[in-house]
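Close look at the chain arrangement
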Amino acid sequence: MIKYKYIKNLLFFFEPETAHNIAEFFLENFSKIKPIKDLFIKKYFIDKKIINQTILNTTFKNPIGLAAGFDKNATMIDATYMLGFGYTEVGTVTIKAQKGNEKPRLFRFEKEKSLQNAMGFNNQGADKLLENIKKIKTNIPIGISIGKNKTTKESDAVDEYIYLIDKFTNECDYIAINISSPNTPNLRDLQNKSFVKELFNRAIAIATKPILLKVSADINKTNAIELCKTAIKYGCSGIIATNTTIDYNLLDEAKDFGGISGEVIKEKSFELFDTIAQEFFGKTMLISVGGITDANDVYKRIKAGANLVQIYTSLIYEGPQICKNINTELVKLLKKDGFDCISEAVGANR
Ligand SMILES: Cc1cc2nc3c(=O)[nH]c(=O)nc-3n(C[C@H](O)[C@H](O)[C@H](O)COP(=O)(O)O)c2cc1C
């Protein structure tokens, strides 16, 4: 296969959103051609028992998930499997289709292996996502990330989340509540105890699948603990930490809008994850996301209490071999430390 270095040079010739659309076109269409799909799976999908886990009532063949935002409309589920991911989180989807914020709204910081985005939940809406998901028969668990439309008033937000949970609960393996994106005005204000209490109270009455909460990288530690405590008390099955950050000091040339992801958020994101894990490991399921680039990052987060991890930005910079590289190395790290399966390593440092 062609080295990613060359594909990346070509893709990076285009502005980032165009490059994303080109990649989406090829990934989606390659995954429909069986011999190509089989070739990719053979090359990139690591199927080793030591990294299998049964959690959230399903089996994850490996702990690396595609983070929300890459596959907004669920067009690349099979492609995600083909690239070696153990699961995917599609969306964030809103009830109505929306265009998102004005372009340009996605920026590369190549030297820092980071991105800044102000997409604003551009997506084709809940009906389209449902239609796409129903078409796919895939081998990896699917999470659906849900959010509110930009024009929805805060007082109507909970109804929108409940509507989406009801719509998708039988079509996926888990639902992720996104109230942590910095790109929808006032969305992060919903990260408060009373909203979360009402949301989960109503959600568990209708949900047939686990509902997870994704938190912002910028929420302060005390508030994060209180928020997660409330969510778990009222039926939340897991915490995903973290979304992007608006800490613009992390990049020399940062824009003054949008959220930063990638290598520069590694420490910040892990620190909040670790704080959450200290409090909730063993009490709920934890997913770590933010700045993960290699197997050492993954192993560190697993030992801190993460059952699963997710990546987005490092896929852009490292290319399709990233899951294979991480999973191959992870198997070695687990064996070296005498673990027979990944679940023994989860929270080993707690
Ligand atoms: C272009 C872009 C779009 C994103 N869109 C979403 C989204 O729709 N929903 C969401 O929960 N997170 C979204 N994220 C955040 C990622 O899911 C992830 O939490 C964040 O990028 C940190 O992980 P990373 O450092 O591996 O990229 C987006 C990130 C990027 C770069």
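Quick caveat: nothing in here was measured; it's all calculated off a predicted structure.

A few words now on the site of the ligand. Near the ligand you find 22 residues, and of these A68, T92, G262, G291 and T313 are the closest. A68 places a main-chain nitrogen or oxygen 2.7 Å from an oxygen atom of the ligand. Separating an oxygen atom of the ligand from a side-chain N or O atom of K72 is a distance of 3.0 Å. Protein contacts shield 98% of the accessible area of the ligand, which totals 610 Å² for the unbound molecule. Of all the elements in the fold, those that place two or more residues in the shell around the ligand are β6 (114–117) and β11 (259–262). Broken down by class, the residue content of the shell around the ligand amounts to 8 nonpolar, 12 polar and 2 charged.

As a further point, take the sheet that holds β6. Ordered in space as β5-β6-β11, the 3 strands form an open sheet in which the pairing is antiparallel. A strand with exactly one partner marks an edge of an open sheet, and here the two such strands are β5 (106–109) and β11. Each strand axis lies, on average, 20 degrees off the axis of its neighbour in the sheet, ignoring direction. Note that β6 and β11 share 4 bridges and pair antiparallel. By the bridge assignment, N117 is partnered in β11 with G259.

What follows concerns a nonpolar patch on the surface. Residues F25, F26, F30 and I33 make up a contiguous nonpolar surface patch of about 370 Å² in total accessible area. For F30, the location among the structural elements is in helix α2 (residues 16–30). According to the relative accessible area criterion, F30 is partly exposed, its value standing at 30%.

About the cut-offs
- Residues numbered from 1 in each chain as written.
- Predicted model: local features only at pLDDT ≥ 70, side-chain atom pairs only at ≥ 80, totals over all residues.
- Heavy atoms only, no water.
- Near = heavy atom within 4 Å.
- Polar contact = N/O pair within 3.5 Å; in protein donor to acceptor, adjacent residues only side chain to side chain.
- Areas by Shrake-Rupley, 256 points an atom, 1.4 Å probe, with all protein chains shown as cover.
- Helix = DSSP H or I, 4+ residues; strand = E, 2+ residues; numbered from the N terminus.
- Nonpolar A, V, L, I, M, F, W, Y, C, P; charged D, E, K, R; others polar.
- Pairing = 2+ DSSP bridges.
- Axes fitted to C-alpha atoms, helices over the stretch in contact; angles between N-to-C directions.
- Patch = residues over 30% accessible without salt bridge, like charges linked within 9 Å, V, L, I, M, F, W, Y side chains within 5 Å.
- Salt bridge = Lys/Arg side-chain N within 4 Å of Asp/Glu carboxyl O.
- Buried < 20%, exposed > 50% of the residue type's maximum accessible area, 1.4 Å probe, protein only.

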